[in-house]
Amino acid sequence: MGRAFFYRWLFFISGLIVLALGFTMIIKADRLGISPWDVLNVGLYKNFGLTIGTWAIIVGLAVIVSTMLFTRKLPQIGTFLNMLLVGIFIDIFNWMIPDIETLIGQVLIFLVGITISGYGVGLYVSPRIGAGPRDSLMLILVEKTGLSITIVRAGIEITVAFIGWLLGGPVGIGTVAVALLTGRIVQISLPQFERLLKKIIDKKDSIPPVLKI
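- Where an unreviewed UniProt entry is consulted, the protein appears under the name YitT family protein, with the organism given as Planococcus glaciei.

Okay, here's the thing in structure tokens:
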């Protein structure tokens, strides 16, 4: 039990860090258009101040409350930690990573960022400690509708990007790419990390069964 507990939390925290890094890299490629949720966060930042990371936390809290009302269940502790830590790590990485001025540099950091963020989702969701607010909503809709992660995530993110665009957030070809590709990357990365975690802890019943996608 101790071994399983340790590695599940290691995957979870590491995944949040990787996810925040990927999000920040995409934000740095703002000439291409940033990820849909960050379009919303940046739009809120432009209109109301605070920081992008702070708005990520506030929006995450709003999604948690909405999900609770819909499911009538309290979210797992990992969901709250995700809400707080991803926003904090985004602000840290945004300070650490310099702005990218060239178009080629922005294209490269965007491509790396979208891949990293997709694998970050798979890494932190795999131990089932609690999906983040946005991914909890995604997983609930996947379960309720029977649609794939790719379709559900794209639908959510296109809607969010539109709202963010109305607030003045930067939308571009990169925004569309994130909306269409992230779910596909998660569809690949999540089963990979679930298998890896099971192999490491060597206990078939230590985590819930693999999500059908």
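**Observations regarding the layout of surface pockets**
Part 1: Taken as a whole, the second largest pocket holds about 180 Å³ of empty space.
Part 2: Lining the second largest pocket are Ile27, Lys28, Asp30, Ile34, Val42, Lys46, Ile52, Asn94, Asp99, Ile100, Gln106 and Pro170.
Part 3: Looking at the lining of the second largest pocket, the elements that each hand over two or more residues are α1 (2–28) and α2 (36–48).
Part 4: Counted by class, the lining of the second largest pocket contains six nonpolar, two polar and four charged residues.

**Overview of the nonpolar core**
Part 1: Ranked by internal contacts, the top residues of the largest apolar core, which has 31 residues, are Val86, Phe110 and Tyr124.
Part 2: Listing elements by their share of this core, those giving two or more residues are α1, α2, α4 (77–96), α5 (103–125) and α8 (173–201).
Part 3: If one sorts the elements of this core by residue count, α1 sits on top with eight residues.
Part 4: In terms of nonpolar packing, the next biggest core, distinct from the first, is built from 12 residues, Trp55, Val59, Met138 and Val152 among them.

**Thoughts on the pattern of salt bridges**
Part 1: As enumerated under the stated definition, the model contains two salt bridges in all.
Part 2: Across the pair glutamate 194 and arginine 128 runs a salt bridge, and its minimum N-O distance is 2.8 Å. Here glutamate 194, found in helix α8, pairs with arginine 128, found in the loop between α5 and α6 (133–145); they are 66 residues apart in sequence, far enough to count as distant. In this pair, the class of glutamate 194 matches that of arginine 128, namely buried.

**Quick word on the packing of aromatic side chains**
Part 1: The tally for this structure, following the rule as stated, stands at eight aromatic pairs.
Part 2: Ring centres 6.3 Å apart and planes at 50 degrees place the aromatic pair phenylalanine 5 and tryptophan 9 in the tilted group. Taken together, the residues phenylalanine 5 and tryptophan 9, both in helix α1 and four residues apart, mark about one turn of the helix.
Part 3: A residue is classified by how much of its surface remains accessible, and tryptophan 9, at 25% relative accessible area, is partly exposed.
Part 4: Residues phenylalanine 6 and tyrosine 7 carry aromatic rings whose centres are separated by 5.0 Å and whose planes lie at 80 degrees to one another, so their mutual orientation is edge-to-face.
Part 5: Through a chain of ring-to-ring contacts, three or more aromatic side chains come together here, namely Phe5, Trp9, Phe12 and Tyr124.

**What about the UniProt feature "transmembrane region" (unreviewed entry) in the protein?**
Part 1: The sites that UniProt annotates as "transmembrane region" (unreviewed entry) are residues 7–27, 47–70, 77–97, 103–125 and 162–186.
Part 2: Regarding residues 7–27, the helix share stands at 100% and the strand share at 0%, and the terminal C-alpha atoms are separated by 30 Å.

**So, empty space enclosed by the protein**
Part 1: Applying the stated criterion across every chain, the model contains four cavities of 30 Å³ or more.
Part 2: Taken as a whole, the largest cavity encloses approximately 70 Å³ of empty space.
Part 3: In this structure, the largest cavity is lined by Leu19, Phe23, Trp37, Asn82, Val86, Tyr124, Gly132, Pro133, Arg134, Asp135, Arg153 and Glu157.
Part 4: Taken together, the elements giving at least two residues each to the lining of the largest cavity come down to α1, α4, α6 and α7 (149–166).
Part 5: Looking at the lining of the largest cavity, the element that brings in the most residues is α6, giving three residues.

What counts as what
- Residues numbered from 1 in each chain as written.
- Predicted model: local features only at pLDDT ≥ 70, side-chain atom pairs only at ≥ 80, totals over all residues.
- Heavy atoms only, no water.
- 1 Å grid on protein atoms, 1.4 Å probe; cavity = no way out; pocket = protein on both sides within 12 Å on 5 of 7 lines; lining within 4 Å.
- Points joined across faces, edges and corners; volume = space filled by probe spheres on them.
- Helix = DSSP H or I, 4+ residues; strand = E, 2+ residues; numbered from the N terminus.
- Nonpolar A, V, L, I, M, F, W, Y, C, P; charged D, E, K, R; others polar.
- Core = buried A, V, L, I, M, F, W, Y, C linked by side-chain atoms within 4.5 Å.
- Buried < 20%, exposed > 50% of the residue type's maximum accessible area, 1.4 Å probe, protein only.
- Salt bridge = Lys/Arg side-chain N within 4 Å of Asp/Glu carboxyl O.
- Phe/Tyr/Trp six-rings, centres within 6.5 Å; stacked < 30°, edge-to-face > 60°.
- UniProt positions renumbered as here; feature names shortened; annotations may be inferred.

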